[in-house]
Amino acid sequence: MRVIYPGSFDPVTNGHLDIIQRCSERFDQVIISVLKNTKKNSVFTVEERIHLLKESTKDLKNIEIDSFSGLLTDYSRKKGCSTIIRGLRAVSDFEYEMQLALINRKTYPDLETLFMVSSTGVSFLSSSLVKEIASFNGEISCFVPKVVEEALREKFKRGAR
Ligand code: ADP
């Protein structure tokens, strides 16, 4: 089975990688799709986010990295893949994710959203938390892969906010 794992990945964290690794073991192919989100203020460009994802997943064989804009339902139709993976960190993620899954199913009835519960060691992790710590020059090496740590250091050295 092929699955799509969509998200902002601004940047990819060990939390995302936990989900990616586990999907890679269970599914034939995992399409990681970076959302080109014009509304959200992102620190990394889509190209940079794709590069960081590629570097962080290069040891996994069945990964495709792609990007999309617009509706996830249109994108999954175009890709010919109707299974979406979303990660759940805490109960607080649940309401929004449930809403999203139901709306997506309404507009694309064949679309199935599967939720994967994060591993306990990374359930507190989010890209925004990591960016905040990095912006104050805090220690982030246990939250993100080395390549992301270096990219974040470089960004904030140049004064990204
Ligand atoms: P979005 O902006 O769509 O929330 P993110 O890049 O933040 O995208 O996350 C993409 C997906 O990964 C979401 O389903 C999110 O819940 C999940 N995710 C993010 N961090 C973690 C984590 N630490 N553990 C498990 N899932 C996570």
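Bear in mind the structure is a predicted one, so any value in this text is a computation, not a measurement.

Colleague: Please clarify how the site of the ligand should be interpreted in this entry.
Modeller: The local shell around the ligand holds 16 residues, among which Tyr5, Ser8, Phe9, Lys40 and Gly87 are the closest. Contact between the ligand and Arg89: a nitrogen atom at 3.4 Å from a side-chain N or O atom of the residue. Computed on the free molecule, the ligand has an accessible area of 550 Å², of which 90% lies beneath the protein chains in the complex. For the shell around the ligand, the per-class residue count stands at six nonpolar, six polar and four charged.

Colleague: What's the story with a nonpolar patch on the surface in this structure? I'm lost.
Modeller: Taken together, Val91, Phe94, Met98 and Leu102 make up a surface patch of nonpolar side chains, about 390 Å² in accessible area. Tracing the backbone through its elements, the reader meets Met98 in helix H4 (residues 91-107). Residue Met98 is classed as partly exposed on the basis of its relative accessible area of 36%.

Colleague: Honestly, the packing of helix H2 (residues 46-56) against helix H6 (residues 146-157) in this entry has me stumped. Any pointers?
Modeller: Between two packed helices, both the angle of their axes relative to each other and the distance between the axes serve to describe the pair. Relative to each other, H2 and H6 sit at 150°, their axes nearing to 9 Å. Overall, the two elements H2 and H6 adopt an arrangement that is roughly antiparallel. Within the contact between the two elements, H2 uses Glu48, Leu52, Glu55 and Ser56 and H6 uses Val147, Val148, Ala151 and Lys155. Partitioned by chemical class, the residues of the contact of H2 with H6 number four nonpolar, one polar and three charged.

About the cut-offs
Residues numbered from 1 in each chain as written. Predicted model: local features only at pLDDT ≥ 70, side-chain atom pairs only at ≥ 80, totals over all residues. Heavy atoms only, no water. Near = heavy atom within 4 Å. Polar contact = N/O pair within 3.5 Å; in protein donor to acceptor, adjacent residues only side chain to side chain. Areas by Shrake-Rupley, 256 points an atom, 1.4 Å probe, with all protein chains shown as cover. Nonpolar A, V, L, I, M, F, W, Y, C, P; charged D, E, K, R; others polar. Patch = residues over 30% accessible without salt bridge, like charges linked within 9 Å, V, L, I, M, F, W, Y side chains within 5 Å. Salt bridge = Lys/Arg side-chain N within 4 Å of Asp/Glu carboxyl O. Helix = DSSP H or I, 4+ residues; strand = E, 2+ residues; numbered from the N terminus. Buried < 20%, exposed > 50% of the residue type's maximum accessible area, 1.4 Å probe, protein only. Axes fitted to C-alpha atoms, helices over the stretch in contact; angles between N-to-C directions. Parallel < 35°, antiparallel > 145°, perpendicular 65-115°, else oblique. Contact = heavy atoms within 4.5 Å.

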